[in-house]
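Breakdown of the fold
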Amino acid sequence: MYAIQTENLTKEFHTLFSKKRALVVDDINLEIDRGEIVGLLGPNGAGKSTIIKMLCGLLKPTTGKIFINGRQMENDRSRILALIGAVLEGSRNSIWSMTVKQNLTYFAHLKNVYGRAFRERGDELLNSFELEDKRNEMVKNLSKGMKQKLAIVLAFINDPDVILLDEPTLGLDVHTARLVKQRIVHMAKRNNKTVLLTTHRIEIVEEICERVAIINKGRLIAFEETEGLLSSFGGEYYIIKLSGRPDTAILEGLSIVRDVELDQSAEGEFILRLILDRKDHLFKVLEALGQGNQSRVLAINRSKPKLEDVFVKMVES
Amino acid sequence: MSRWWNPDWVINVIYVLYAETLREFITLRRYFLESISGLVMVYILFMGFFFASQGFSPQAISLTNNSDDLAHRTVGFVLWLFALNSVGHFSNAIRDESHIGVMEQIALGPSGLIVDMWGRAIGKTIIDCLMLGLVLFIIIITTRISLSFPFFSAGLVFLLTLLGLYGLGFFFGGLALIYKRLGSVTVVVRFGFLILTGAITPIENFPEWLQVISKTLPMTEGLKILRLLMVENRPFIYVLGSGDLLLLIVNSALYLSIGLISFKYLEKVARERGLLGVY
């Protein structure tokens, strides 16, 4: 039994008086195990938020099925909602005219958490997200980062099995984003929770997600383990620092070289990024660079492919 | 229906009702000055309605006191104030919460939006009873009208009337899930109630066709019975015998059923169109 499972999930929107339809999510099949942290990546308008909203029952799919812990959304929505915690993008997620404590009480009771369980869980979460001294503060007086941390606290208050986070680190400073990231991993790993998160900060996905789903124009174009996805874009990644501008046309003419990119650093050095199929092809590249006689190799570094590179290439292709 | 037999579900519902009632009180406390000034406005409105044409002299007030007319109108006016709040409360709350962006989180509650709305209705009714009770008390003191308060019978009729009014509130709440801003529609309906339900003018003075329409509205029958009990001091047994209570029960049950069914349907439409919580 999967924690999250979708079968041919599709969503079309149409306006009231027009037959014009917009296909936003197209035939998505996801199978996510309990305890997994999965990143949902895609460019703006790819359909990520629509998927999150369908998974938390706020939006009804046009066709397809959603199962949370084996229960089907359409038949068992209220039970499923008790298993879900969600932070939604573009939503306030808390009531700004109430204090942190009042928000906690209100949303906990709405999510059927009360009595000792509520007090213990509330205290634990406020401490964990460094909000314990803000209990009596009005939410509107909190910083953006604190409001976002409160949103996550409220999403976690019912100890949900499935946590859906739509841009949880949007607009956060480095420290707060790191804290949020750590807490998400901590909650997921310690309590075997399933997390599906969308973000534009791909380094977060690369760091904490075991698997990545890439969505483009509503379609799932990749759903693999993060490591696997990176290695499938295999090859040897090199960064070569040069004293002068190399003749990239010569390099692009070599069949052994892929994805040549050239930048210039602030110090005036040229940074050449390229991918080779094999390590020993590097000698041929150096030979080719020497032909132009215009530049001297200053340094060569090998690097791993970044998820960002993989994401951009997949979406572009 | 089966979940009504599940004690856990019932306890969860009670806590949701508690949460929403608590929130109504927090909002009242936060905007207390606004609420008090609202009450003053209501009192001024009442005095304006009933005494402006006669001047505000003590003689004018005492002249009016000599008849039951003012007592009739007072009961009508206060019940209309309850109607004013109950018919538009859900749609206003949904509009405001969609606007500030918390509606989606509220809709994620496992007990569902209807239970949530009932919580608001309970909280709002308790607050209205306290606030409008205060207005009624001040009206009674300043105009020296005489009203009886048979707790059980008047309370029962009042609650039955409110159920019908909240039925209409659910209908508008459902529409607000889709169309968000219903301000002018609910205002027309609510002020229409002031005239059409006999709150200020007896419906017997209306043309016959208008009387038929008037009698189908959710406040009319309740108001008629409350006047019998509170102004004319008729015993409850008289109301039971007249068949008026049965009419009220049927009327309220119809409004409530239609309200709940339409809310459920419109919530489904909002979920299909992605409008739940979107302003």
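Attention here is on the structure that accompanies the text. Here the structure is a predicted model, which means the values were calculated and not measured. (Residues numbered from 1 in each chain as written. Chains lettered and ligands numbered in written order. Predicted model: local features only at pLDDT ≥ 70, side-chain atom pairs only at ≥ 80, totals over all residues. Heavy atoms only, no water.)

1. Concerning the interface of chain B and chain A
Often, the extent of an interface is quoted as the loss of accessible area upon association of its parts. Every contact between the two is made by 37 residues of chain B and, on the other side, 35 residues of chain A. Taking both partners together, chain B and chain A bury about 3300 Å²; carbon and sulfur atoms supply 57% of that area. The closest approach of N and O atoms between R271 of chain B and E74 of chain A, which form a salt bridge, is 3.7 Å. Taken together, chain B and chain A are joined by 13 residue pairs in polar contact (both at pLDDT 80 or more). Among the secondary structure elements, those contributing two or more residues to the side of chain B that touches chain A are α1 (7-30), α5 (103-107), α6 (113-143) and α12 (244-273) of chain B. (Contact = heavy atoms within 4.5 Å. Buried area = accessible area lost by both parts, 1.4 Å probe. Salt bridge = Lys/Arg side-chain N within 4 Å of Asp/Glu carboxyl O. Polar contact = N/O pair within 3.5 Å; in protein donor to acceptor, adjacent residues only side chain to side chain. Helix = DSSP H or I, 4+ residues; strand = E, 2+ residues; numbered from the N terminus.)

2. Details of the sheet that holds strand β8 (residues 194-198) of chain A
Residues and elements named next belong to chain A. Read from one edge of the open sheet, six strands run β6-β7-β8-β3-β9-β10, paired in mixed fashion. Edge strands, defined here as strands with exactly one partner in the open sheet, are β6 (84-87) and β10 (219-225). Here the average twist between neighbouring strands, direction ignored, is 15°. Both strand β3 (residues 37-41) and strand β9 (residues 211-216) contribute to a ladder of four bridges, which runs parallel. Its bridge partner being in β9, V38 is matched across the sheet by R211. Its contacts with the sheet put helix α5 (residues 144-156) on β6 and β7 (162-166), and the angle it makes with β6 is roughly 165°. Running at roughly 30° to β9, helix α11 (residues 307-316) makes contact with β3, β9 and β10 of the sheet. (Pairing = 2+ DSSP bridges. Axes fitted to C-alpha atoms, helices over the stretch in contact; angles between N-to-C directions.)

3. Details of helix α1 (residues 48-55) of chain A
All names here are of chain A. Summarising burial for α1: six of the eight residues are buried, a large majority. Where α1 is concerned, the buried positions are K48, T50, I51, I52, M54 and L55. Trailing α1 by a residue or two, G57 shows a phi angle of about 80°, which is positive. (Buried < 20%, exposed > 50% of the residue type's maximum accessible area, 1.4 Å probe, protein only.)

4. Points about the sheet that holds strand β1 (residues 4-14) of chain A
All names here are of chain A. Judged by pairing direction, the sheet is antiparallel, and its four strands sit side by side in the order β2-β1-β4-β5 without closing on themselves. The outermost strands of the open sheet, each flanked by one partner alone, are β2 (21-32) and β5 (71-72). Inspection of the sheet shows β1 paired to strand β4 (residues 63-68) by five bridges, in the antiparallel sense. When the bridges of β4 are listed, Q5 appears paired with F67. Relative to β1, α1 is tilted by about 115°, and along the sheet it contacts β1, β2 and β4.

5. Focus on the nonpolar core
Note that soluble globular proteins tend to have their nonpolar side chains buried in a common cluster. If you look at the biggest cluster of nonpolar residues, it comprises 165 residues, and the most contacted ones within it are L164, L196 and L307 of chain A together with W80, L113, F193 and M219 of chain B. Not counting chain neighbours up to four residues away, the residues in contact with F193 of chain B comprise W80, A83, V87, L165, L168, A199, L217, P218 and M219 of chain B. Membership of the second largest hydrophobic core comes to 15 residues, among which are I240, L272, L276 and L289 of chain A. (Core = buried A, V, L, I, M, F, W, Y, C linked by side-chain atoms within 4.5 Å.)

6. Quick look at the layout of surface pockets
All names here are of chain B. Of the volumes computed, that of the largest pocket is approximately 1300 Å³. Lining the largest pocket are 38 residues, with T27, E34, S35, H89 and K124 positioned closest to its centre. For the lining of the largest pocket, the secondary structure elements donating two or more residues are α1, α2 (32-51), α4 (69-100), α6 and α8 (183-196). Its residues assigned to classes, the lining of the largest pocket comprises 18 nonpolar, eight polar and twelve charged. (1 Å grid on protein atoms, 1.4 Å probe; cavity = no way out; pocket = protein on both sides within 12 Å on 5 of 7 lines; lining within 4 Å. Points joined across faces, edges and corners; volume = space filled by probe spheres on them. Nonpolar A, V, L, I, M, F, W, Y, C, P; charged D, E, K, R; others polar.)

7. Side note on the pattern of salt bridges
All names here are of chain A. As enumerated under the stated definition, the model contains 30 salt bridges over all chains in all. Residues E210 and K189 are paired through a salt bridge, measuring 2.5 Å at the closest nitrogen-oxygen approach. Here E210 is found in the loop between α7 (202-208) and β9, whereas its partner K189 is found in helix α6 (residues 174-191), with 21 residues between them in sequence. Judged by relative accessible area, which is 42%, K189 ranks as partly exposed.

Note that every value here comes from positions in space, so none of it alone points to a role or purpose.
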